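# Structural description and commentary
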Amino acid sequence: MPTSRTARTPGTGRSRFLAGAVAVGAVAGLTAVVLPAQSATAAPYRGANNATVQDDFNGDGYRDLAVGAPGAASGRIDAAGAVVVLYGSAGGVTASSRRTVITQATSGIPGGPEEWDRFGEAVATADLDRDGYADLLVGAPGEAIGTMGNHGSLTVVWGGSAGLKGGAAVPTPTGLDEGCQFAAGIAAGDVTGDGAPDLGVTGQCGATAYTGPFSRTGAPARRDFVNRLGTNRGVVIGDVNGDGRAERFWLPGPTTGDGSGPVHLEKQHNSYTELPLADGLSGRIGDINGDGYGDLVTGVPYDASLMSGDTPAHRGGEIHVLYGSAKGITPDQKPQVFHQGTASVPGNGENGDLFGHALGVGDVDGDGYADVLVGSRGEDIGSALDAGSATLLRGSAAGLTATGSTAYTQDTSGVPGGTETGDRFADATHLVDLNGDGRAEAVVGIPGENHDGLLWIARGSAAGPVTGGSTAVGGTAAGLGYRYADVDFGQALPGARSTI
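About the thresholds
Position numbers for residues start from 1 in each chain and track the written sequence from start to end. Selection of residues for local features in this predicted model requires a pLDDT of at least 70, selection of side-chain atom pairs for listing and counting requires 80 or more, and totals for whole chains, interfaces and linings are taken over all residues. Heavy atoms from the whole structure form the basis of all side-chain values; hydrogens and water molecules are not counted. Put simply, DSSP H or I for four residues or longer makes a helix, DSSP E for two residues or longer makes a strand, and each gets a number counted from the N terminus. Residue contacts follow a heavy-atom distance rule, with two residues in contact if any of their heavy atoms lie within 4.5 Å. For the accessible areas, the method is Shrake-Rupley and the probe is 1.4 Å, while residue cover comes only from the protein chains on display. By this definition, two strands are paired if DSSP reports at least two bridges between them. Angles shown run from 0 to 180 degrees and are taken between the N-to-C directions of axes, each axis being a line fitted to C-alpha atoms and, for helices, limited to the stretch in contact. Relative accessibility under 20% of the residue-type maximum defines a buried residue, over 50% an exposed one, and the middle range a partly exposed one, all with a 1.4 Å probe and only protein chains included. Any two cysteine sulfur atoms within 2.5 Å of one another count as a disulfide. Stacked, edge-to-face and tilted labels apply to pairs of Phe, Tyr and Trp rings (six-membered ring for Trp) whose centres lie within 6.5 Å, assigned for plane angles under 30 degrees, over 60, and everything in between, in that order. Should the NZ of a Lys or the CZ of an Arg lie within 6 Å of a ring centre and within 35 degrees of the ring normal, that charge is described as sitting over the ring. For this analysis, a polar contact is any N or O atom pair within 3.5 Å, provided that within protein one partner can donate a hydrogen and the other can accept it, and provided that sequence-adjacent residues contribute only side-chain to side-chain pairs. Points on a 1 Å grid, built from protein atoms alone, make a cavity when a 1.4 Å probe fits but cannot get out and make a pocket when they are open with protein on both sides within 12 Å along at least 5 of 7 lines; residues with an atom within 4 Å of a point are the lining residues. Grid points are joined across faces, edges and corners, and a volume is the space filled by probe spheres set on the points. Side-chain classes are defined by residue name, with Ala, Val, Leu, Ile, Met, Phe, Trp, Tyr, Cys and Pro counting as nonpolar, Asp, Glu, Lys and Arg as charged, and the others, Gly among them, as polar. Counting rule applied: Lys, Arg positive; Asp, Glu negative; His and chain ends not counted. The term salt bridge refers to a pairing of a side-chain nitrogen on Lys or Arg with a carboxyl oxygen on Asp or Glu at a separation within 4 Å. You can read pLDDT as the predictor saying how much it trusts each residue, on a scale of 0 to 100.

### Side note on the overall build of the protein chain
Helices and strands together make up the secondary structure of the protein chain, namely zero helices and 29 strands. Of all intrachain contacts in the protein chain linking residues separated by at least 6 positions in sequence, the fraction that spans at least 24 positions is 60%. Roughly 16500 Å² of accessible area belongs to the protein chain as shown, and the carbon and sulfur atoms make up 50% of that amount.

What follows is the structure in structure tokens.
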């Protein structure tokens with residue numbers, strides 16, 4: 001096992017690196033809004049990068065799992081959306097685990113359910129109020145404001161000793177209009193190094209950088225609006241230079257001449273450096289080579305069959321890996337590229353596979369190196385179109401490797417169900433240690449399974465995810481309602497997923 005500067009809590013295997021979720025927008029200028037000063041705690045709480053807090057909503061020492069179901073009905077209100085929270089334990093997460101269903105009809109949650117709000121389209125976690133409990137962030141990009149449909153909203157649900165309870169609305173940027181879909185993506189991490197989580201939140205009309213701390217009203221210390229260039233964007237937050245402050249990477253999405261989407265590293269509130277050799281529409285950060293620095297993994301799912309431009313991905317899609325160091329990630333670094341034509345990667349690249357659409361980063365075997373679970377929701381399995389697949393690539397001292405990689409579908413022994421057209425297996429992927437044994441579970445969303453969707457969870461082991469005896473949780477079984485729209489349970493996880 002390599003020497004690492006990353007502190008670990010014994011028996012947990014939890015990394016300090018916070019991974020970003022997907023978002024939308026583009027880079028230009030910034031409009032800063034400094035909100036009223038928040039009441040300070042006695043001392044800065046270091047929960048933003050503290051492994052004992054990350055994802056733990058009830059403070060029992062086990063990470064919990066938030067699963068978005070944006071098509072869920074609220075009573076007779078179609079596609080209002082919901083989030084199911086499955087609480088971790090020594091036994092991990094099972095179909096009988098303690099769980100909570102949160103909607104905009106839940107007591108203490110701001111707003112109210114409306115048709116096609118799609119509450120739960122994006123989910124993330126961060127201890128916004130620095131009380132030692134993770135809080136849940138929920139995007140509802142379909143939220144209507146007055147007569148403006150698809151305006152969007154962001155809600156924080158507060159963690160506590162009894163679990164999640166009560167919430168607040170995070171203020172939206174001024175000037176948003178109909179169709180802006182604010183909060184289609186969310187990422188969290190401590191960018192300023194003060195111990196308070198900061199956010200990147202995005203939508204069709206731009207993106208917003210929030211600086212913590214946040215008060216219990218949902219208000220941040222500062223809000224900066226990133227102006228629109230006319231495309232969607234992803235955002236990733238994590239520490240890639242080991243200075244204790246997370247970097248924020250903006251992914252503008254397809255642009256003229258770059259169909260795979262450029263990658264921008266935020267230097268200051270209004271300064272960016274492009275990484276000209278890298279591309280990506282989604283991303284995650286984790287320590288893949290065990291050197292104590294976060295590494296950036298981006299998904300480039302669009303091939304030439306789906307996107308024109310100068311830099312289409314390999315057929316079927318690809319992922320890029322950029323390695324952190326004491327200097328961080330520099331513009332001259334050439335990414336490591338993996339696709340289904342790479343030696344030892346299972347399968348074959350086919351038009352529209354969308355390899356890299358979803359990314360999960362975590363250590364599945366407890367060897368000290370983060371692994372990558374790549375989702376290909378468009379993978380055809382035999383005659384089953386868009387059945388989907390997930391591919392696990394292994395971390396090592398030399399970086400990410402295809403050696404020993406494994407592919408999973410619903411035809412894999414031990415995986416529930418069977419491949420069917422439109423299942424979209426691995427539309428969302430996540431690697432997270434839910435039972436505290438130092439090995440991340442593989443979590444895969446299958447939102448196209450029947451009308452309600454399905455979640456697959458395989459516990460981690462020294463040999464990787466264990467499919468035998470793995471867990472399946474269905475949307476209706478988890479307490480979700482179905483009306484006309486598909487429930488889409490499993491479409492959103494705290495991992496990265498392209499919204500484009």
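What follows continues from the structure just given.
### Looking at the sheet that holds strand β7 (residues 153-157)
Taken in spatial order, the four strands make up an open sheet running β5-β6-β7-β8, and their pairing is antiparallel. With one partner strand each, in any of the chains shown, β5 (122-126) and β8 (167-170) form the two edges of the open sheet. Averaged over all pairs of adjacent strands, the angle between strand axes in this sheet comes to 25°, irrespective of strand direction. Of the pairings in the sheet, the one linking β7 to β8 comprises four bridges and is antiparallel in character. Following the sheet pairing, V157 is matched in β8 by G167.

### As for the pairing of strand β22 (residues 371-376)
Judged by how many residues are buried, β22 sits mostly within the fold: six of six residues are covered. Here β22 shows no split at all, with D371, L373 and G375 on one side and V372, V374 and S376 on the other all buried. Judged from the five bridges that link them, β22 and strand β23 (residues 389-394) form a sheet pairing that is antiparallel. Paired with L373 across the bridge in β23 is L392.

### Things to note about the state of the cysteines
Taken as a whole and assessed by the stated rule, the structure comprises one disulfide. Each disulfide pairs two cysteine sulfurs, and for C180 the partner residue is C205, the sulfurs being separated by 2.0 Å. Looking down the S-S bond of the C180 and C205 bridge, the torsion is -85°, so its handedness is left-handed. You can see C180 sitting in the loop between β8 and β9 (185-189) and its partner C205 sitting in the loop between β10 (198-203) and β11 (206-211), a full 25 residues away along the chain.

### Focus on the sheet that holds β22
Read across the open sheet, the five strands follow the order β24-β23-β22-β21-β29; overall the sheet is antiparallel. Two strands bound the open sheet, and with one partner strand each, they are β24 (401-408) and β29 (496-497). Looking at chain direction, strand β21 (residues 355-362) and β22 are connected through six bridges and run antiparallel. From the neighbouring strand, A358 faces β22, where its bridge partner is G375.

### Re the packing of aromatic side chains
Pairs of aromatic rings are described using the distance from one ring centre to the other and the angle between the two planes. Going through the model one piece at a time under the given rule, you end up with three aromatic pairs. On the numbers, 6.1 Å between centres and 35° between planes, the contact of F425 with W456 is tilted. With F425 in the loop between β24 and β25 (428-432) and W456 in strand β27 (residues 454-458), the pair connects residues that are 31 residues apart, well separated along the chain. Neither residue differs from the other here; F425 and W456 are each classed as buried. Over the ring of Y87 we find R98, and its NZ or CZ is 4.3 Å from the ring centre.

### As for the side chain of D55
Its location among the elements puts D55 in the loop between β1 (30-34) and β2 (65-69). A polar side-chain atom of D55 sits 2.5 Å from a polar atom in the side chain of T125. In this view, D55 contacts R63, D64, T125, A134 and V432; residues no more than four positions away in its chain are not counted.

### Some details on the environment of G347
For G347, the location among the structural elements is in the loop between β20 (336-339) and β21. With a relative accessible area of 44%, G347 lands in the partly exposed category. For the pair G347 and T406, spaced 59 residues apart in sequence, the C-alpha to C-alpha distance is 9.8 Å.

### Quick look at the environment of V123
Among the structural elements, V123 can be located in strand β5. Linking V123 and G68, residues 55 residues apart in sequence, is a C-alpha distance of 6.6 Å.

### Things to note about the layout of surface pockets
The space that makes up the largest pocket amounts to roughly 430 Å³. Lining the largest pocket we find 22 residues, and of these V191, A246, E247, E266 and K267 sit closest to its centre. Considering each element in turn, the lining of the largest pocket owes the most residues, four residues, to strand β15 (residues 264-268). Grouping the constituent residues of the lining of the largest pocket by class yields six nonpolar, eight polar and eight charged.

### A closer look at the side chain of D198
The residue D198 is located in strand β10 in this model. Although D198 is buried, it makes no salt bridge; R248 carries the closest opposite charge, 6.0 Å away. Here V191 takes part through its backbone nitrogen, which lies 2.7 Å from a polar atom of the side chain of D198. From its side chain, D198 meets the backbone nitrogen of T192 in a polar contact 3.1 Å long. Residues in contact with D198, not counting those within four places in the same chain, are A187, A188, G189, D190, V191, T192, Y210, T211, G212, I237 and R248.

### Description of the confidence of the model for the protein chain
Averaged over every residue, the pLDDT of the protein chain is 87; residues scoring 70 or more account for 87%. Segment residues 1-44: pLDDT under 50, and 168 contacts once partners within four positions in sequence are set aside and those in other chains are kept.

### Concerning the environment of F214
Tracing the backbone shows F214 in the loop between β11 and β12 (222-226). In sequence terms F214 and L128 are 86 residues apart; their C-alpha atoms lie 5.6 Å from each other. For F214, the residues in contact, after removing those within four places along its chain, are L128, D129, V170, P197, L199, A219 and P220.

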